[in-house]
Amino acid sequence: MEKEKVLFICVHNSARSQMAEEFLRALGNDRFEVSSAGFEPTEINPLVMEVMREEGLDLSHKKTQSVFDLYKQGRIFNYVITVCKKGQDQDCPIFPGISHRINLPFEDPAKLEGNYQERLVKTREIRDSIKELVTLFAEAVESGSIEKFCSLNAC
């Protein structure tokens with residue numbers, strides 16, 4: 001069976017899209033070919049690396065990448081999932097081509113306020129929300145019920 005190609009995108013490819021990519025890779029039963037990218041790639045957020053390590057997922061080897069580079073390579077995806085929170089990231093990128101476009105909005109860990117511990121707690125909450133929706137997405141694709149998933153998650 002051919003793998004479903006999935007691209008998670010956000011502005012910087014430093015947090016939400018990286019977490020979603022790794023969760024789908026880990027939970028997807030080798031059914032998915034997963035990538036993530038951003039409009040203005042930076043470095044992976046250290047809080048994200050820490051909370052993902054708590055889940056047994058090491059992001060220290062990961063690099064961020066540009067949506068434009070994937071486009072220039074001629075990459076095509078079955079699902080393009082933006083993880084930008086509406087109203088927070090007005091520049092959330094799109095990826096051209098024919099695919100299912102889904103938006104699963106999550107708060108950006110880079111914009112969290114408070115001391116280190118408060119930001120770490122909130123990053124864990126974001127991580128857990130991403131893990132939950134990525135798990136439901138994988139189950140929906142595998143069961144052929146992506147429309148139901150989208151109707152329940154307003155994507």
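Computed from a prediction, not measured in an experiment: that's the story for all the values here.

A.B. asks: For this particular structure, what's the right way to read the packing of helix α2 (residues 46-54) against helix α4 (residues 116-143)?
C.D. replies: Helix-helix packing: each pair is described by the crossing angle between the helix axes and the interaxial distance. Packing of α2 against α4 leaves a shortest axis separation of 9 Å and a crossing angle of 60 degrees. When the axes of α2 and α4 are compared, the pair comes out oblique. Between α2 and α4 the crossing geometry is right-handed. Where α2 approaches α4, its residues L47, V48, E50, V51, M52 and E54 are matched on the opposing element by Y116, R119, L120, T123, R124 and R127. For the contact of α2 with α4, the residue count by class is six nonpolar, one polar and five charged.

A.B. asks: Even after reading the chapter, I still don't get the packing of aromatic side chains, so can you show me in this structure?
C.D. replies: For any two aromatic rings, the description comes down to two numbers: the centre-to-centre distance and the angle of the planes. A complete count under the given rule lists four aromatic pairs for this structure. Relative to F137, the ring of F32 has its centre 6.1 Å away and its plane inclined at 35 degrees; by these criteria the two rings are tilted. On the criterion of sequence distance, the pair formed by F32 in strand β2 (residues 32-38) and F137 in helix α4 is long-range, its members being 105 residues apart. Each member of the pair, F32 as well as F137, carries the same accessibility label: buried. Aromatic rings pair up to connect F32, Y79, F137 and F149 into one cluster.

A.B. asks: Where do I start with the state of the cysteines in this structure?
C.D. replies: Covalent bonding between the sulfur atoms of two cysteines is what defines a disulfide. Applying the stated rule across the entire model yields zero disulfides. For C10, which is in no disulfide, the shortest distance to another cysteine sulfur is to C84 and amounts to 5.5 Å.

A.B. asks: Even after reading the chapter, I still don't get the pattern of salt bridges, so can you show me in this structure?
C.D. replies: Oppositely charged side chains are able to pair whenever their charged atoms sit close together. Across all of its chains, the model carries 16 salt bridges by this definition. For the salt bridge of K5 with E2, the shortest nitrogen-to-oxygen distance reads 3.7 Å. Using a relative accessible area of 24% as the deciding quantity, one classes K5 as partly exposed. Given a relative accessible area of 60%, E2 falls into the exposed group.

A.B. asks: Please explain the side chain of E4 as it appears in this structure.
C.D. replies: With respect to the helices, strands and loops of the structure, E4 is situated in strand β1 (residues 4-10). Residues within four places of E4 in sequence aside, it is in contact with R31, F32, E33, N78, Y79 and V141.

A.B. asks: Help me understand unusual backbone geometry in this model?
C.D. replies: Peptide bonds are mostly trans, and most non-glycine residues show a negative phi. Its identity as a non-glycine residue notwithstanding, N13 has a phi of 55 degrees, on the positive side. Its location among the elements puts N13 in the loop between β1 and α1 (16-27). By relative accessible area, which is 0% here, N13 ends up buried.

Rules behind the numbers
Residues numbered from 1 in each chain as written. Predicted model: local features only at pLDDT ≥ 70, side-chain atom pairs only at ≥ 80, totals over all residues. Heavy atoms only, no water. Axes fitted to C-alpha atoms, helices over the stretch in contact; angles between N-to-C directions. Helix = DSSP H or I, 4+ residues; strand = E, 2+ residues; numbered from the N terminus. Parallel < 35°, antiparallel > 145°, perpendicular 65-115°, else oblique. Left-handed = near helix turned anticlockwise from the far one by under 90°. Contact = heavy atoms within 4.5 Å. Nonpolar A, V, L, I, M, F, W, Y, C, P; charged D, E, K, R; others polar. Phe/Tyr/Trp six-rings, centres within 6.5 Å; stacked < 30°, edge-to-face > 60°. Buried < 20%, exposed > 50% of the residue type's maximum accessible area, 1.4 Å probe, protein only. Disulfide = S-S within 2.5 Å. Salt bridge = Lys/Arg side-chain N within 4 Å of Asp/Glu carboxyl O.

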